[in-house]
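Each chain, written out:
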Amino acid sequence: MSTKNILDISPLESEAIYIIREVVAQFEKPVLLFSGGKDSITLVRLAQKAFYPAKIPFPLMHIDTGHNFPETIEFRDRLAKELGVELIIRNVQDNIDAGKVKEETGKYASRNMLQTETLLDAIEEFGFDACIGGARRDEEKARAKERIFSVRDDFGQWDEKNQRPELFDMLNGRIDLGQNVRVFPISNWTELDVWSYIQKEKIEIPSIYFAHKREIFIRDGLIWSANDDVVFRDKDEQVEERMVRFRTVGDMSCTAAVLSNATEINTVVEEIRSSKISERGARIDDKRSEAAMEKRKQQGYF
């Protein structure tokens, strides 16, 4: 991941770098929550710039559902190796095996909801006091209630009605024993901002974000991958091959594709620029109820 544009600082980039530096200055044990998706990849580039020419001074951590796209896992491992940064992986499967969480069954079964318990266990295991994440306020309305430094209590829970004010660029990292903070450096970015930044910086991303031929089937108006044994498929749901790509990358069981011919970054950016549908429209986990995301965040989800 090249840093040749290290001095090309935009206002959004400058703000995000400032926030990341504040995390290292104010907290003892930060970690970057890394999914292998475009937002967390953008955070890695910003962290590179924040501490260049030194290495990123905190580990990356991935909460692996076991149902991630293979392209994302390959990219995750390769990126961490290239950067020489510590990569911590904790698996949802371990909590399932231990009986801490129960795997869902049925047509809409997903492991995405089960990540919370694994994440909270990992935060406690390593004693992380600040978890840097790639959430943006334009993703989903519950995200818009977050502060940049968003405090979680000693149970890992978020109280949306009791948050600190953030005046201008004054970020308060003081926390009580047992608390931790979720930090969102790209909170003020949009999806288009992220894609434009990837374009400008020539950042490598997983191939799954670009249009490719894939066996798919249609359910509830959404396009699902049929290339694996993770996504439940009824016998009457017919498989066909289409040109698709993914706007967001999560658990395969809840992440749908979109029809696309955008095979390189310039056409992807143009496609996003003209889209009238949010990327979260392809995430079935957000559609379970009107307050699905907010409830998950209250319970300790990212």
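Computed from a predicted structure; not experimentally measured. (Residues numbered from 1 in each chain as written. Predicted model: local features only at pLDDT ≥ 70, side-chain atom pairs only at ≥ 80, totals over all residues. Heavy atoms only, no water.)

**Student:** What should I look at first to understand the packing of helix α1 (residues 11–26) against helix α2 (residues 38–51) in this one?
**Tutor:** In a packed pair of helices, the relevant descriptors are the angle between the two axes and the axis-to-axis distance. Where α1 contacts α2, the two axes come as close as 9 Å, and the packing angle between them is 70°. Taken together, the axes of α1 and α2 lie roughly perpendicular to each other. Judged by residue contacts, Glu-13, Ala-16, Ile-17, Ile-20, Arg-21 and Val-24 of α1 engage Leu-43, Leu-46, Ala-47, Lys-49, Ala-50 and Phe-51 from α2. (Axes fitted to C-alpha atoms, helices over the stretch in contact; angles between N-to-C directions. Helix = DSSP H or I, 4+ residues; strand = E, 2+ residues; numbered from the N terminus. Parallel < 35°, antiparallel > 145°, perpendicular 65-115°, else oblique. Contact = heavy atoms within 4.5 Å.)

**Student:** Got a minute to help me understand the packing of aromatic side chains in this structure?
**Tutor:** Aromatic ring pairs are reported here in terms of the distance separating the ring centres and the angle at which the planes meet. The tally for this structure, following the rule as stated, stands at 6 aromatic pairs. Judged by centre distance (4.7 Å) and plane angle (55°), the ring pair of Phe-69 and Phe-246 falls under tilted. Of this pair, Phe-69 sits in the loop between β2 (60–64) and α3 (70–83) while Phe-246 sits in the loop between β9 (240–245) and β10 (258–259), and the two are 177 residues apart along the sequence. The exposure classification of Phe-69 matches that of Phe-246, with both residues buried. Aromatic side chains Trp-189 and Tyr-197 sit 5.3 Å apart centroid to centroid with 80° between the ring planes, which places their arrangement in the edge-to-face category. A relative accessible area of 3% places Trp-189 in the buried class. (Phe/Tyr/Trp six-rings, centres within 6.5 Å; stacked < 30°, edge-to-face > 60°. Buried < 20%, exposed > 50% of the residue type's maximum accessible area, 1.4 Å probe, protein only.)

**Student:** Whenever I open this one, the sheet that holds strand β4 (residues 130–132) confuses me. Can you help?
**Tutor:** Sheet strands line up and pair through hydrogen bonds in the backbone, either parallel or antiparallel. Reading across from one edge, β3-β2-β1-β4-β6-β5 is the order of the 6 strands in this open sheet, with mixed pairing throughout. This sheet does not close on itself; its edge strands, each paired only once, are β3 (87–91) and β5 (149–152). Strand-to-strand twist across the sheet, computed as the mean angle between neighbouring axes with direction ignored, equals 30°. Note: strand β1 (residues 30–33) against β4, 3 bridges, orientation parallel. Opposite Pro-30, over in β4, you have Ala-130 as the bridge partner. Relative to β1, α2 is tilted by about 140°, and along the sheet it contacts β1, β2 and β4. Most of the contacts of α3 go to β3, to which it runs at about 150°, and overall it touches β2 and β3. (Pairing = 2+ DSSP bridges.)

**Student:** It is not clear to me how the environment of Ala-226 should be interpreted in this structure. Could you clarify?
**Tutor:** Relative to the helices and strands, Ala-226 is located in the loop between β8 (222–225) and β9. On the basis of relative accessible area, Ala-226 is assigned to the buried category, the value being 16%. Expressed as a C-alpha distance, the spacing of Ala-226 and Glu-241, which sit 15 residues apart in the sequence, is 9.3 Å.

**Student:** I keep staring at the pairing of strand β6 (residues 180–183) and nothing clicks. Help me out?
**Tutor:** Both faces of the sheet carry side chains from a regular strand, because those side chains alternate between them. Side chains of β6 alternate between two faces, with Asn-180 and Arg-182 and Val-181 and Val-183 buried alike. Summarising the sheet, β4 and β6 pair through 3 bridges and their orientation is parallel. In the sheet register, Ala-130 faces β6, and the bridge partner there is Val-181. Judged from the 4 bridges that link them, β5 and β6 form a sheet pairing that is antiparallel. Paired with Arg-152 across the strands is Asn-180, a residue of β6.

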